[in-house]
Amino acid sequence: METVAKGATQADVTGNTARPGPGSATPTGTDTGIGRVTRTDTDTESVTRTRTGRVAEAAAGKSAAPTASCRAARPRADALRNRERIVSAARELFVEFGPDVALDDVARRAGVGNATLYRNFPDRAALTHEVVLAVTSRTTLRAEEAVAAESDPFAALSRFVHAAADERIGALCPMISGVFDKDHPDLLAERDRLEEAVAGLVARAQSAGRLRTDIAVGDVLVALSQLTRPLPGIACQGIDRFTHRHLQLFLDGLETPARSELPGSAATLEDLRRS
């Protein structure tokens, strides 16, 4: 007769499980066909604790993920603000000095480093593209707002003219002659939107008998470009004050009844594209 240590389980050679000794853990087991494999409650509790710990760790990892994502999103917001500051600075400097202004000056006006500027816009053409796109889009929005705000068609046209000056539409003319892809689909789409919006303003004012009929959309756009920027190479800090005075003189000349006969023919959009 063999002696079994206290607290151990005993199995006979037939596969039957002996009763546990006093003070031992209650066994659980699975019959494998060879013999019954036993596992004590102590083992099960250990596995449960291990699994619970892993689940808790996984849950902690998942809860930390959104926080990390939020932290990662902040640089993207900062980068977007820097990009907008660069475009705004370039728009101002293009009006003041033309599209050949040094990019270092653009970075300085925007309050960013040169590396930040070139990370957003690798060359002058890329920056010019973005400025033209932004100015065109924002000017179109001003035209739509003028129509919605003014019931008088000529008042709507006047409102648009002054708002377009504030958007620095004068920056578009010298850039169009620059070296960049003027036929980019995005630029063409925005140009068409702007031309359609201005053509609508002109047509409504003429139909209402408020705008002289010997002018066309091209006349309005060319005058806007010429009257909203200083002479090349001359920085005029008070340009806005003079610009809006001269634009009002221009608008007074557009209103009916016409006080003179204009030389030449009206400037159309086709004329502008051919020039």
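Everything quoted here is computed from the prediction, not taken from an experiment.

Q: Break down the overall build of the protein chain for me, with residues and values.
A: A count of helical and extended segments in the protein chain gives 10 helices and two strands. Ordered by position in the sequence, the α and β elements of the protein chain form the string β-β-α-α-α-α-α-α-α-α-α-α. Residue burial in the protein chain is summarised as follows: out of 275 residues, 32% are buried. Total accessible area computed for the protein chain in this model is approximately 16,700 Å², and 54% of it derives from carbon and sulfur atoms.

Q: Outline helix 7 (residues 185-207), supporting the account with residue identities and numerical values.
A: The end-to-end C-alpha separation of helix 7 is 32 Å, in line with the 33 Å expected for 23 residues at 1.5 Å each. Considered for burial, the residues of helix 7 that qualify are Leu187, Glu190, Leu194, Glu195, Ala197, Val198, Gly200, Leu201, Val202 and Ala205. Those residues of helix 7 that are buried are in contact with helix 4 (124-149), helix 5 (153-166), helix 8 (217-227) and helix 10 (269-274). Phi for Gly209, located one or two positions after helix 7, is positive at around 80 degrees.

Q: For the nonpolar core, give the residues involved together with the corresponding values.
A: By size, the foremost hydrophobic cluster in this structure holds 52 residues, and its most contacted members are Val106, Leu127 and Phe160. Looking at this core, the elements that each hand over two or more residues are helix 1 (41-97), helix 2 (103-110), helix 4, helix 5, helix 7, helix 8 and helix 9 (239-254). Excluding anything up to four places from it in sequence, Phe160 contacts Thr139, Arg142, Ala143, Ala146, Val198, Leu201 and Leu224.

Q: Lay out the environment of Gly111 with the relevant residues and their values.
A: When you line up the elements, Gly111 lands in the loop between helix 2 and helix 3 (114-120). For the pair formed by Gly111 and Ala89, sequence separation is 22 residues and the distance between their alpha carbons is 9.0 Å.

Q: Can you break down the confidence of the model for the protein chain residue by residue, with the values?
A: Of the residues in the protein chain, 66% have a pLDDT of 70 or more, and the chain-wide mean is 77. Counting contacts from residues 30-42, a segment whose pLDDT is below 50, to residues more than four positions away or on other chains yields 27 contacts. Here residues 55-60 is modelled with pLDDT under 50, and outside its nearest four sequence neighbours on either side it reaches zero contacts, counting other chains as well.

Q: Describe in detail the side chain of His162, supporting the description with residues and values.
A: Within the fold, His162 resides in helix 5. A polar atom in the side chain of His162 sits 3.0 Å from the side chain of Gln248. Residue contacts for His162: discarding those within four places in its chain leaves His244, Leu247, Gln248 and Leu251.

Q: Explain the pattern of salt bridges to me, using residue names and the numbers behind them.
A: In total, this model carries 17 salt bridges according to the counting rule given. The closest approach of N and O atoms between Glu144 and Arg193, which form a salt bridge, is 3.4 Å. Of this pair, Glu144 sits in helix 4 while Arg193 sits in helix 7, placing them 49 residues apart in sequence. In this structure Arg193 comes out as partly exposed when scored by relative accessible area, which is 33%.

Q: Give a detailed account of the environment of Gly253, specifying residues and quantitative values.
A: Looking at where Gly253 falls in the secondary structure, it is placed in helix 9. Residue class for Gly253 comes out partly exposed when judged on its relative accessible area of 34%. Measuring from C-alpha to C-alpha, the distance between Gly253 and Leu211 comes to 9.3 Å, with 42 residues separating the pair along the chain.

Q: Tell me about the packing of helix 4 against helix 5, and please be specific about residues and values.
A: Orientation of helix 4 relative to helix 5, taken along the N-to-C sense of each, is 150 degrees, at an axis distance of 8 Å. Put simply, helix 4 runs roughly antiparallel to helix 5. You can see that helix 4 and helix 5 cross each other, and the crossing is right-handed. Along its contact with helix 4, which presents Thr139, Arg142, Ala143, Ala146, Val147 and Ala149, the element helix 5 presents Ala156, Arg159, Phe160, Ala163 and Ala164. A per-class count over the contact of helix 4 with helix 5 returns eight nonpolar, one polar and two charged.

Q: Break down the environment of Val101 for me, citing the residues and quoting the values.
A: Counting through the fold element by element, Val101 comes out in the loop between helix 1 and helix 2. For Val101 and Arg124, which are 23 residues apart along the polypeptide, the C-alpha to C-alpha distance reads 9.7 Å. Among residues more than four places away in sequence, those in contact with Val101 are Leu93, Phe94, Val106 and Arg124.

Q: Kindly report on the side chain of Thr140, identifying the contributing residues and their values.
A: Within the secondary structure, Thr140 is located in helix 4. Under the relative-accessibility criterion, Thr140 is labelled buried at 0%. Side-chain polar atoms of Thr140 contact the backbone oxygen of Thr136, separated by 2.9 Å. In this view, Thr140 contacts Glu190, Arg193, Leu194 and Ala197; residues no more than four positions away in its chain are not counted.

Q: Give me helix 4: which residues, what numbers.
A: Because an α-helix completes one turn every 3.6 residues, residues spaced three or four positions apart along the sequence face the same direction. In a regular helix each residue adds 1.5 Å, so 26 residues correspond to 38 Å; helix 4 covers 37 Å between its end C-alpha atoms and thus fits that length. The N-cap of helix 4, judged by a side-chain oxygen 3.3 Å from the amide nitrogen of Ala125 a few residues on, is Asp123.

Rules used in this analysis
- Residues numbered from 1 in each chain as written.
- Predicted model: local features only at pLDDT ≥ 70, side-chain atom pairs only at ≥ 80, totals over all residues.
- Heavy atoms only, no water.
- Helix = DSSP H or I, 4+ residues; strand = E, 2+ residues; numbered from the N terminus.
- Buried < 20%, exposed > 50% of the residue type's maximum accessible area, 1.4 Å probe, protein only.
- Areas by Shrake-Rupley, 256 points an atom, 1.4 Å probe, with all protein chains shown as cover.
- Expected span 1.5 Å × (residues − 1).
- Contact = heavy atoms within 4.5 Å.
- Core = buried A, V, L, I, M, F, W, Y, C linked by side-chain atoms within 4.5 Å.
- pLDDT = per-residue confidence, 0-100.
- Polar contact = N/O pair within 3.5 Å; in protein donor to acceptor, adjacent residues only side chain to side chain.
- Salt bridge = Lys/Arg side-chain N within 4 Å of Asp/Glu carboxyl O.
- Axes fitted to C-alpha atoms, helices over the stretch in contact; angles between N-to-C directions.
- Parallel < 35°, antiparallel > 145°, perpendicular 65-115°, else oblique.
- Left-handed = near helix turned anticlockwise from the far one by under 90°.
- Nonpolar A, V, L, I, M, F, W, Y, C, P; charged D, E, K, R; others polar.

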